[in-house]
Amino acid sequence: MKNSSPFRPSNLAAKFCPPEPGLALATLAAQALSQPVAPGALRDFGAVLPLITAALELDPENPDILLVLSAILDQVPGSDAAIAMREACDRAAGILTRRGEDIPLSLSLNRSLASQRLYRLGDALEDAERVCFLDVDASPLDRARHRINLSVCLLWLGRIGEVIQCLDRALELMPDGDEKTLAYLSRASNRALQGDWDGFFEDLDRRFPHYETRDAFLFRTTKRWDGSREALTGKRVLVHMEQGLGDQIQCARLAQWLSAEYRPESITLSCSRPVARLLASAPGVDRVVTDRNPEPVEDDYDTVVPVMDLWKARHRLGLFPLMRMCGPYLSARYTPKISARPVPPPQDGILRVAICWQGNPKHLNDWARSVRLEEFYKLAQKTRELPIEWVSFQAYPGGMAHNPLAGWDRQDIPLLDCWGMDGLLGDMHDTAYWLQDVDLLLSVDTGQGHLGAAIGCETWFLHSHCQEWRWKYAEDLYGDHVRHFKQLSPGDWGSVMGQAASALEYRLVGLPAQRESENLVGSTGGSR
């Protein structure tokens, strides 16, 4: 997918041709913001923020500069950036109101995005509705993006029917391309939340003509699976693992079912490089190729199967959404690339708990699924009397804070840091290897959590209030070694950590935990 957030304005520089020096600097910042970013990299704001800071010093009451600032902060992860973004929008709106000028739609849109990240959902919805009501002169693509934003607000409020209506209109307006692919996938997910599986798979099928990046060859190939048994039995099959690392780990187990159900000659997985060595251990897999070469040589295969088509096949056989395929299905079979042990051997009588608090910052919903490290520190403080050793298994992408462990007082409660030692964990295979030294993994909904669940590590997922469709069937995804804790209200990580603290106390001491308060995703209470 493209590096910039596809549903947000990106070409701000074209809107400003200022004679004023402050606005000129803001223009330079906007131009820097619109430059492409290398695949897999995060934007470096080091050159952008000083420009906008200098611009505000020259002209602190210029609403256009504040608008550029809000657009920059929209791409900076973390709640502090969201607070500053909302403040910039409010300041600009106040200046315009005092002047008797109209508030531009771009300002209302940015304020809506900031309000979402701060869980001020009523404010976010009000601004999003204003933008959609007044955007008659905007381009079809911008109008589609505005309705995508409105659909996100409605999703947080649980109004799924209205979400789908917004996405219907957005898809009518949107030209072909990656953004249309994401819109179809979004509508598919919301249809799944309604239990509309026919609509779900219909939208999944529609995603292919619009791919422009890694998965584009799935549309161009002449060997895509037609759904027949004959196209797989005795054939050389390439299964292409779509979407993110967590999705690929989760779907790798389907290779075993594919092998048993259709009896192909061989199964090759095409996957992302960080999970390649790990997925080679999946039952039924004969070979793995990586997306270094995103278009495998078609002569090497008889049939190309997008992995989500296997869910569709299970649906036709009456096996979906009944997805229970329990037990570990991945393992670390190779010696780690880094031989040094990242943490000391575990101690008897001590529960070693690994934590992962952030996913990929480039993910559109990372602001919602990730949590501040200090929330885990509060959990450690609540359970300080229990025999627990805390270990960070958090990967540090380039966009994380300079000191990623700021927020945890390591003098008060020790925290062993695996990734901080020059990235010792390597790829997902090496991470799986070192997770064998862990008793329990607490993770937000990201690849590390899926990894722990897939290798049989006891894993507790910590979820935001806005559930991903697959977690509606949480009990069926991995098995009894996995548990799920969900926010009781949007943004309420305190309730999640409270549930985890009770569960830890129950696990270690045997005290009655308040099981009824464990808000399992997809249920009204209780764990299993």
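1. Observations concerning the sheet that holds strand S9 (residues 459–463)
Taken in spatial order, the 6 strands make up an open sheet running S7-S6-S5-S8-S9-S10, and their pairing is parallel. A single partner strand is all that each edge strand has here, and the edge strands are strand S7 (415–417) and strand S10 (482–486). For this sheet the average axis-to-axis angle between neighbouring strands, irrespective of direction, equals 25 degrees. Pairing between S9 and S10: 5 bridges, direction parallel. Residue pairing in the sheet places Thr-459 in a bridge with Val-482 of S10. Against the sheet, helix H17 (residues 373–382) makes contact with strand S5 (351–356), strand S6 (388–392), strand S8 (440–444) and S9, and its axis sits at roughly 160 degrees relative to S5, the strand it touches most. Together, S5, S8, S9 and S10 form the strand contacts of helix H19 (residues 447–455), whose direction differs from that of S9 by roughly 150 degrees.

2. As for the nonpolar core
Nonpolar side chains in soluble globular proteins generally cluster together in the buried interior. Counting residues in each nonpolar core, the largest one holds 64 residues, and the members touching the most others are Phe-200, Val-239, Ile-249, Leu-310 and Leu-330. Apart from the residues within four sequence positions on either side, Leu-310 is in contact with Trp-225, Val-239, Leu-254, Trp-257, Leu-258 and Val-305. Of all hydrophobic cores here, the second largest spans 30 residues; its members include Leu-351, Val-371, Ala-380 and Trp-460.

3. What about the side chain of Gln-499?
On the secondary structure map, Gln-499 appears in helix H20 (residues 493–509). A relative accessible area of 6% means that Gln-499 is categorised as buried. Among the polar contacts listed, one links the side chain of Gln-499 to the backbone oxygen of Lys-486, at a separation of 3.2 Å.

4. Describing the sheet that holds strand S3 (residues 287–290)
Taken in spatial order, the 4 strands line up as S3-S2-S1-S4 in an open sheet, and their pairing is parallel. Each having just a single partner strand, S3 and strand S4 (303–306) make up the two edges of the open sheet. Between one strand and the next, the sheet's axes are offset by a mean angle of 25 degrees, whatever the strand orientation. As defined by bridge partners, strand S1 (residues 236–240) adjoins strand S2 (residues 266–271) across 5 bridges and the pair is classed as parallel. Following the sheet pairing, Arg-236 is matched in S2 by Ser-266. Against the sheet, helix H15 (residues 307–316) makes contact with S1 and S4, and its axis sits at roughly 80 degrees relative to S4, the strand it touches most.

Cut-offs and rules
- Residues numbered from 1 in each chain as written.
- Predicted model: local features only at pLDDT ≥ 70, side-chain atom pairs only at ≥ 80, totals over all residues.
- Heavy atoms only, no water.
- Pairing = 2+ DSSP bridges.
- Helix = DSSP H or I, 4+ residues; strand = E, 2+ residues; numbered from the N terminus.
- Axes fitted to C-alpha atoms, helices over the stretch in contact; angles between N-to-C directions.
- Contact = heavy atoms within 4.5 Å.
- Core = buried A, V, L, I, M, F, W, Y, C linked by side-chain atoms within 4.5 Å.
- Buried < 20%, exposed > 50% of the residue type's maximum accessible area, 1.4 Å probe, protein only.
- Polar contact = N/O pair within 3.5 Å; in protein donor to acceptor, adjacent residues only side chain to side chain.

Nothing here speaks to function; it is geometry throughout.
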